[in-house]
Structures are given as C-alpha cells and as structure tokens.
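Residues per chain are reported as follows:
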Amino acid sequence: MSRELLKVFIKGSELSASSLPFTHISVRYRKPIWLPTAPSKRFRVPTRLVLPTHEKRELDRLTKNYKTYNKAMLAYHTDINSKQSVTDPGVIEAQRRAEEEDWEQSINLNNEWNAEVAIEREQRLAIEKEQKVLQILAQKKAKEQKEKEDLEKAEQAVQAEIENSKTFITRDNIDHYIEQALSSHVDYNFAIDKEGNVYQGKKANPKSSKEVTSENEEVAAKN
Amino acid sequence: MPRHLFKFFFPASGGAKVMESRNKSIRLARYGCTNRPFYHIVVIHTRMGRNDHPIEQLGTFDPSANEFHEKLVSLNIERIRYWLGTQNIHITNQVRELFGLAGLFPIYHRTYMKAWRNRARAETHIEKQKEEKLKQEQEEKEKEEAPKEATGSG
C-alpha cells in the first residue's frame, strides 16, 4: 500500500515508479480504497443467484426446523444457567440449608469444646480453692503470732517505764532535788594537757596550781 | 487509553469488561495473515470491531485443510454452553455451522445445502468421466473397425 501511496505522491514529478529502490519486490498489492473501480470491471453486472424452486422449498423447511430447535436449545441453556444462578429459588433454598447445617455443626462443635473446657476449669478451680484455704490459714497464723509479739513488746515497754518511774521527780521530792542541784556546784573553768592532767581554775598557773589532778590518778583513786 | 494501546496491553484471548446492557455475539475474529486465514471463536460486544478486545475466547477454527484434509476446530464447550444461556446472545451463521457439526446445535441448513451441492457436483463429475470414457471406447472401436472396413472394401 505504501508503494501505491508513493506512486500517488510522485505523479507528475521527475521520479517515476520504476525508479523506486524496491521495484524488485514482487508482491500483489490490493487496490487502495481511494482508487476508482478498475476500467475492466466498470461495467460488469454481477449475475444474480436464483435458487431452484425445489431447493428453496427444502431450505425453507430446514430453516424452519432449525429455528425451532434453536429456540429450544437456547431456552434449555438459559434454564440451566438460571438454575445455577444465585437468584434461583432452588439455589437460594440450597444455600439456606447449607448455611443452617453449617450453623448446627458449628454449634455442636462449640458445645463440645465448652464441655471440655468446663471440666478443665472445674479441676483448676478445685486446686486453686485448696491453695487459697491453705494460704488463708497461714496468714491467720502469722497474724496471731504477730499480735502476740506486739503484746509482749508493749508489756516490756510498760515494765521499763515502771522501772524508770522510780527516779522521776514528783511533787513530793522536788524540793530535795532542787536542793541537791543548788548544792552541787560544778566549775567548768579548767584546762587539760596532753597527759590528761586537769588544772582547775580560770587563771591558775599550772606549776603553782595545787589542785592539779591527773585523770589516771583519779581513775586509780576510784578503783 | 487509545484503542491500539488498549489492544497492546490486553491480548486477543479475552478479558474485556462485560457490559450487561450491551448485546453480545459469538463470532469469528480473523487472525493469521494474507491468504492464510485463522479464526478465533470469541464472545464480544456486537458493536465492537472484528478484532477488538473480546470478552472471552471460546475456541479456534483453522479453515485451511491440513495434510489429512482436516479443518481443525477447538471449542471450549463448557463456556459456550454458559454463553448460550445468557440473554441477547447473537450467534453468526459461520459459528452456527461449526456448532452444528460439533453436535452442540442441530445441523445448520447451510451445511445441508453445501452437502447436496457438493454431492451433485461430484455426481456430475462422475457422469462426465463416464461419458468421456464411453466416448474414448467408442472412438477406439471406430479406429479398430475403420482399417477392417478399408481392408474389406479393398
């Protein structure tokens, strides 16, 4: 077809169809649609086909038969399709039944599993109950023990307080203690050397001090 | 997407979107090449082009006879039966012929016509051959008799 196109384009130019580079290719090209009818075919009148009468009658009969069968075949296949389709009542019924069966089966399975789990749970709960009872008993015992200990401690504290109360200053002996405090004079004006000798008096000379006392001597004197 | 790109990405073996409102037909789509036809039997929307993207390919048909004088046809019977059951399906005459010969449909009337025409042609051919044979025999006889007559007369 491209060759034909080229032929159209080069019409009237210096080039010719024989000068094209691919003239050696032998292909029978079709007539392009835009070219007119070939001159040899221009006045051709195609002969009209006339069927013989008996053939026509036979064909009519066959056509009629075929059409009847055709209708039946298509109806048959439509019927099959509709039976297989989702909107068919039979199909819907079958689906519903299948669903129900599935539901029943699942319920049964669920019940079985529930029973199994219930047995396990009862055993577990029994064990847990025993453990709990033991735990509570232990806690009770521990609590009693602690209370007892606390009571003893309190008793001891009370006893200690009673013991201490003997040295308490009361209304009766307050004068005595006041007297004692006033009479016992302590002079803190003293110095201590490295050997532990105490030099009484604020401005006393340690060489001339008469009140020099060594701690060691004091300890020895006490013993 | 332009049509040629569409065809490039989506092959001829089917997969077009089915549009419910549109009529479909079972027909032949010509493949092969010049002087060597090869057909796909396809379901396609009726208003689409011959080799457009079909909904489904239902089979193939090779009209040129092979070395055993067989024209090979392959049909996906299950899918054809499905499509026959759908609404507004149009089947072309060529496909009807094939289906009739395959046993899916009754024999198409054109098949009968072709058959009786072929038969008539074969019969005339045989008669012609017979006549020619008779003619030849007669000629031979005449040839044999002619010299006898010549010798008899002479």
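In case you missed it, the structure is sitting above this.
Quick notes on the rules
- Residues numbered from 1 in each chain as written.
- Chains lettered and ligands numbered in written order.
- Predicted model: local features only at pLDDT ≥ 70, side-chain atom pairs only at ≥ 80, totals over all residues.
- Heavy atoms only, no water.
- Helix = DSSP H or I, 4+ residues; strand = E, 2+ residues; numbered from the N terminus.
- Areas by Shrake-Rupley, 256 points an atom, 1.4 Å probe, with all protein chains shown as cover.
- Patch = residues over 30% accessible without salt bridge, like charges linked within 9 Å, V, L, I, M, F, W, Y side chains within 5 Å.
- Salt bridge = Lys/Arg side-chain N within 4 Å of Asp/Glu carboxyl O.
- Polar contact = N/O pair within 3.5 Å; in protein donor to acceptor, adjacent residues only side chain to side chain.
- Pairing = 2+ DSSP bridges.
- Contact = heavy atoms within 4.5 Å.
- Buried area = accessible area lost by both parts, 1.4 Å probe.
- Axes fitted to C-alpha atoms, helices over the stretch in contact; angles between N-to-C directions.

Student: Teacher, can you tell me more about the overall build of chain A here?
Tutor: On a plain count of helices and strands, chain A comes out with five helices and three strands. Of the roughly 20800 Å² of accessible surface on chain A, a fraction of 56% belongs to carbon and sulfur atoms.

Student: What is the right way to look at a nonpolar patch on the surface in this model?
Tutor: Taken together, I169(A), I174(A), Y177(A), I178(A) and L182(A) make up a surface patch of nonpolar side chains, about 490 Å² in accessible area. Within the secondary structure, I178(A) sits in helix α4 (residues 174–183).

Student: Please explain the side chain of D52(B) as it appears in this structure.
Tutor: Among the secondary structure elements, D52(B) is positioned in the loop between β2 (36–45) and β3 (56–61). Within the structure, the side chain of D52(B) is placed 2.7 Å from the backbone nitrogen of G49(B), a separation counted as a polar contact.

Student: Can you help me understand the pairing of strand β2 (residues 197–200) of chain A in this one?
Tutor: Where a strand is regular, its side chains alternate between the two sheet faces. Inspection of the sheet shows strand β1 (residues 190–192) of chain A paired to β2(A) by three bridges, in the antiparallel sense. When the sheet's bridge partners are listed, A191(A) is paired in β2(A) with Y199(A).

Student: Got a minute to help me understand the interface of chain B and chain A in this structure?
Tutor: One widely used convention gives an interface's size as the accessible area the parts lose upon coming together. In this assembly, 18 residues from chain B lie in contact with 17 residues from chain A. Carbon and sulfur atoms supply 63% of the area buried between chain B and chain A, which totals about 1600 Å² over both sides. Put simply, chain B and chain A have one salt bridge between them. For R117(B), the salt bridge goes to E55(A), with nearest N and O atoms at 2.9 Å. At the surface where chain B touches chain A, the tally comes to seven residue pairs in polar contact (both at pLDDT 80 or more). Among the elements of the structure, α2 (77–84) and α4 (109–153) of chain B are those that each provide at least two residues to the side of chain B that touches chain A. The element contributing the most residues to the side of chain B that touches chain A is α4(B), with five residues.

Student: Any chance you could explain the sheet that holds β2(B) here in plain terms?
Tutor: The strands that make up a sheet pair up through hydrogen bonds in the backbone, lying either parallel or antiparallel. Residue and element names in this part refer to chain B. Read across the sheet, five strands follow the order β4-β3-β2-β1-β5 without closing on themselves; strand pairing throughout is mixed. Edge positions in the open sheet fall to β4 (73–75) and β5 (89–91), since each of these has one partner strand only. Between one strand axis and the next, the sheet turns through 30° on average, direction left out of account. Pairing of strand β1 (residues 24–33) with β5 involves three bridges; the strand directions are parallel. Counted as the bridge partner of I26 is I91 from β5. Against the sheet, α2 contacts β1, β2, β3, β4 and β5, and its axis sits at roughly 120° relative to β3. This element, helix α3 (residues 93–102), spans β1, β2, β3, β4 and β5 of the sheet and lies at about 95° to β1.

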